[in-house]
Amino acid sequence: MVSNKCAVCWKDDAKRCGTCKSCSYCSKECQKSDWQSHKLLCKTIATEPPRPSSSHLRAIYFPDDKQAPQLVWIHCSPENGIPMDPGLVDMALLRKLTQRNEADTLSRTKVWRNNRLKKETSHMIEFHYRDNFYNDGSRSTASLNAVVKPHGPEKRDWRGPLVVLAILIERAEESEGADEADEASLNYRDMTLADFRSVIDYSLGYERYPDTALPPALAAMGFQNLSLEPDVPTPPPTEGKRDDGQQKSSDGGKPAAAGVSASNGNGDGERESIMGVQLNCQEQGSTMCRIKVARTHPIRNGQGEVSPISRLVGMPLRLRKNQERFADWGNQTACWMMVDVDIDNEAWGFAPMQWQLHINNVLAVREDGQDLTVQNVMDLHCFCADFLDVVQDAAEVGTRAAREEAMEFLTPENYQRKIQEYRTNSLAFGD
């Protein structure tokens, strides 16, 4: 699907490029301004090999060791029945293109707004990348740098290889009595060179969390601004970059050791690793296991969200979803921990949508930097279950006073009492 909007200025009724037929321009001036990047893929897309199957869609691969991007066919399964998700992609190929070793995990970021033009799009582009590229020694993405440079300074400091896909936001015709969210869907589609230009514009006009309203189609589907870019790594504090791409430290300009980042202010900066707990999804039997979490892991650099209930009971836990897994599996423990505790919110007693659907495996660590045990998590799981019973009773009463009374349950003292009760009655499981 090629838009008739100019790829550069977005004017309507633009004419397609005569070679690639994959991008439109309203004038020679706009076409000329885009040529330095457009030419890298124009002839390539015009002569690309046949589509392997009807389920394969075109993506753009940005290697970190070459000066030009590449077109790749990637298998996508559009119908996965997951609300707010465009489908399943070939993770084996994504790993092959982006991972250096099996320890690397992947994340993805959806972008729906062109910040250079300050306009919302009718589609998204989705970046796939290594999870911790700022802290794992990844080098700058050479091919993306070469693409962006002719147009201005790059504000999005990508590192390591990237794979970018396109997502179409579709709205079905409204019918009487239909749920608005059910009338919208996301579907992967071929990347065009107009989307290629959107990648450039994202890098030119990058804002971490733009304070703008969502397009109606996304708002109807439960998206929030922050949920569209949840886990792009945040660079550690530095005084700039050396010519060789290594980070300078903030204590005299010596390069930081590979894989070492600054403290996140949570008291764990001096420990190279702490013990966290992985909350496995229903696909894996809703089990839990302890895992070692390195200081450079994104969750120890402020990514993820703190459980509201855990904060109130005196043991704040930070939770972060495994961004690599896209299957439709729930995670009851994580969902319960993220329940809204603000009695002034209509959603009080419910977890936000992003913690109800499509959760999968979740990593949990203590905010104070101490080791977390499976017993700790099981205690909190049981406590959350009891709190939800209290919430249900308050909901049946339906008054603010009932909500206030329910919130008296969430105190450190009551939490400690309940822990002793759980263990006495053998309701919690040990490590």
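Peer 1: Just checking my understanding: could you explain the overall build of the protein chain for this structure?
Peer 2: A count of helices and strands for the protein chain gives 11 helices and 14 strands. Expressed as a percentage of the 431 residues in the protein chain, the buried residues total 51%. A sequence separation of at least 24 residues applies to 64% of the contacts in the protein chain between residues at least 6 apart. Accessible area for the protein chain stands at about 20300 Å²; split by element, carbon and sulfur atoms hold 49% of it.

Peer 1: Would you take a moment to explain the sheet that holds strand 12 (residues 305-306) for this structure?
Peer 2: The strand order 11-10-14-13-12 describes an open sheet built from five strands, whose pairing is antiparallel. One side of each edge strand has no neighbouring strand; the edge strands of this open sheet are strand 11 (288-294) and strand 12. Bridge count between strand 13 (residues 317-321) and strand 14 (residues 362-366): five bridges; the pairing is antiparallel. Note on strand 14: the bridge partner recorded for Leu-319 is Ala-364. Along the sheet, helix 9 (residues 374-397) makes contact with strand 10 (273-279), strand 11, strand 13 and strand 14, crossing strand 11 at roughly 120°.

Peer 1: Is there a simple way to think about helix 5 (residues 193-204) in this case?
Peer 2: One full turn of an α-helix is made of 3.6 residues, so residues set three or four places apart face in the same direction. Relative to the 16 Å expected for 12 residues at 1.5 Å per residue, helix 5 spans 17 Å between its end C-alpha atoms, a close match to the ideal helical length. Summarising burial for helix 5: 12 of the 12 residues are buried, a large majority. Buried within helix 5 we find Leu-193, Ala-194, Asp-195, Phe-196, Arg-197, Ser-198, Val-199, Ile-200, Asp-201, Tyr-202, Ser-203 and Leu-204. You can read the cap of helix 5 off the contacts: a side-chain oxygen lies 3.2 Å from the backbone nitrogen of Ala-194, and it is on Thr-192.

Peer 1: Please explain the pattern of salt bridges as it appears in this structure.
Peer 2: Any two side chains of opposite charge can pair if their charged atoms end up close together. For the coordinates displayed, the defined rule picks out 19 salt bridges. When the shortest N-O distance is used, the salt bridge between Arg-197 and Asp-201 registers 3.0 Å. In this pair, Arg-197 and Asp-201 both sit in helix 5, four residues apart, roughly one turn of the helix. A salt bridge links Arg-366 to Asp-368; the nearest nitrogen and oxygen atoms lie 2.7 Å apart. Residue class for Arg-366 comes out buried when judged on its relative accessible area of 18%.

Peer 1: In this structure, what is going on with the pairing of strand 3 (residues 56-62)? I would like to understand it.
Peer 2: Along any regular strand, the residues point their side chains to alternate faces of the sheet. The element strand 3 is extensively covered by neighbouring structure, given that seven of its seven residues are classed as buried. Alternating residues of strand 3 divide into His-56, Arg-58, Ile-60 and Phe-62 and Leu-57, Ala-59 and Tyr-61, and every residue in both groups is buried. Examined bridge by bridge, strand 3 and strand 4 (residues 70-77) share six bridges and lie antiparallel to one another. In the sheet register, Tyr-61 faces strand 4, and the bridge partner there is Gln-70.

Peer 1: What am I meant to see in helix 3 (residues 91-98) here?
Peer 2: Where helix 3 is concerned, the buried positions are Met-91, Leu-94, Leu-97 and Thr-98. In a view along the axis of helix 3, the buried residues occupy a sector of 125°, so they form one face of it. Two to three positions downstream of the cap, the backbone nitrogen of Ala-92 sits 3.1 Å from a side-chain oxygen, assigning the N-cap of helix 3 to Asp-90.

Peer 1: Where do I start with the packing of aromatic side chains in this structure?
Peer 2: Using the criterion set out here, one finds eight aromatic pairs in the structure. On the basis of an interplanar angle of 80° and a centroid distance of 5.0 Å, the ring pair of Phe-383 and Tyr-415 is categorised as edge-to-face. Of this pair, Phe-383 sits in helix 9 while Tyr-415 sits in helix 11 (residues 412-424), and the two are 32 residues apart along the sequence. The class for Phe-383 is buried, based on a relative accessible area of 0%. The exposure class of Tyr-415 is buried, given its relative accessible area of 2%. Connected via pairs of aromatic rings, a cluster forms that spans Phe-127, Tyr-129, Trp-158 and Tyr-202. Positioned over the ring face of Trp-158 is Arg-156, at 4.8 Å from the centre of the ring. Sitting over the ring of Trp-355, Lys-321 keeps its end group 5.0 Å from the ring centre.

So, how was this worked out
Residues numbered from 1 in each chain as written. Predicted model: local features only at pLDDT ≥ 70, side-chain atom pairs only at ≥ 80, totals over all residues. Heavy atoms only, no water. Helix = DSSP H or I, 4+ residues; strand = E, 2+ residues; numbered from the N terminus. Buried < 20%, exposed > 50% of the residue type's maximum accessible area, 1.4 Å probe, protein only. Contact = heavy atoms within 4.5 Å. Areas by Shrake-Rupley, 256 points an atom, 1.4 Å probe, with all protein chains shown as cover. Pairing = 2+ DSSP bridges. Axes fitted to C-alpha atoms, helices over the stretch in contact; angles between N-to-C directions. Expected span 1.5 Å × (residues − 1). Polar contact = N/O pair within 3.5 Å; in protein donor to acceptor, adjacent residues only side chain to side chain. Salt bridge = Lys/Arg side-chain N within 4 Å of Asp/Glu carboxyl O. Arc of directions from axis to C-beta. Phe/Tyr/Trp six-rings, centres within 6.5 Å; stacked < 30°, edge-to-face > 60°. Lys NZ or Arg CZ within 6 Å of the ring centre and 35° of its normal.

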